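Breakdown of the fold
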Amino acid sequence: MTRFEASVTREGKWWMVSIPSIDGLTQARRLGKATEMAREYIAASQDLPLDEIAVDLTFAPIGGVGDITARVARIAAERRRMAELERDVVTESGVLAEQLAAADVPLRDIGAILGVSHQRAHQLTTTN
């Protein structure tokens, strides 16, 4: 996989996609198409297979909003961290729910202890 960095700027209704390493420039009407347009440009201009091209987008300031690339990276890292925490919470909740169920605590009470519905308490006692 060959990686390229592309810088995205907003110009009117278009996103301009600059690929500095090959002195390339393309555009996209929607930001969701910027990576695709960059990959297609690179493939055509560098004679590379499309499926072997990866593009990392960076953002120039947009309408006075700066530091977008770094902020997006922090948000992505926080989302990964939240997903890890959620997995940990579900695992620990399941362990506790099973232990409480083994101690003959009713599902409604397990739910009250864990702050979940009795239906969720039932799921936790049967999925771990």
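Notes on the structure follow. (Residues numbered from 1 in each chain as written. Predicted model: local features only at pLDDT ≥ 70, side-chain atom pairs only at ≥ 80, totals over all residues. Heavy atoms only, no water.)

**A word on the sheet that holds strand β1 (residues 2-11)**
Taken in spatial order, the four strands line up as β3-β2-β1-β4 in an open sheet, and their pairing is mixed. Either end of the sheet is taken by a strand with one partner, and the two such strands are β3 (24-28) and β4 (53-59). Averaged over all adjacent pairs, the angle separating strand axes in this sheet is 30°, with direction ignored. Alignment of strand β2 (residues 14-19) against β3, held across five bridges, turns out to be antiparallel. When the bridges of β3 are listed, Val 17 appears paired with Thr 26. (Pairing = 2+ DSSP bridges. Helix = DSSP H or I, 4+ residues; strand = E, 2+ residues; numbered from the N terminus. Axes fitted to C-alpha atoms, helices over the stretch in contact; angles between N-to-C directions.)

**What to know about the pattern of salt bridges**
Within the structure shown, the criterion is met by four salt bridges. Here Arg 3 and Asp 56 are joined by a salt bridge, their closest N and O atoms 2.6 Å apart. Of the two residues, Arg 3 is situated in strand β1 and Asp 56 in strand β4; the sequence distance between them amounts to 53 residues. When its relative accessible area of 33% is taken as the criterion, Asp 56 is described as partly exposed. A salt bridge links Arg 81 to Glu 78, with the shortest nitrogen-to-oxygen separation between them at 3.5 Å. Note that Arg 81 and Glu 78 are positioned in helix α2 (residues 68-102) at a spacing of three residues, about one turn of the helix. For Glu 78, a relative accessible area of 39% corresponds to the partly exposed category. (Salt bridge = Lys/Arg side-chain N within 4 Å of Asp/Glu carboxyl O. Buried < 20%, exposed > 50% of the residue type's maximum accessible area, 1.4 Å probe, protein only.)

**A word on the pairing of β1**
Regular strands place their side chains on alternate faces of the sheet. Inspection of the sheet shows β1 paired to β4 by seven bridges, in the parallel sense. For Thr 2, the partnering residue across the bridge sits in β4 and is Ile 53. Note that β1 and β2 share five bridges and pair antiparallel. Bridge pairing in β2 links Glu 11 to Trp 14. Counted between consecutive antiparallel strands, the loop separating β1 from β2 contains two residues, among which Gly 12 sits at a positive phi close to 65°.

**What to know about the packing of α2 against helix α3 (residues 107-114)**
Where α2 meets α3, the axes come as close as 10 Å, and the angle between the chain directions of the two elements is 145°. Here the hand of the crossing between α2 and α3 comes out right-handed. Taken together, the residues of α3 that come into contact with α2 (itself represented by Ser 93, Leu 96, Ala 97, Leu 100 and Ala 101) are Ile 110, Ile 113 and Leu 114. For the contact of α2 with α3, the class distribution of residues is seven nonpolar, one polar and no charged. (Left-handed = near helix turned anticlockwise from the far one by under 90°. Contact = heavy atoms within 4.5 Å. Nonpolar A, V, L, I, M, F, W, Y, C, P; charged D, E, K, R; others polar.)

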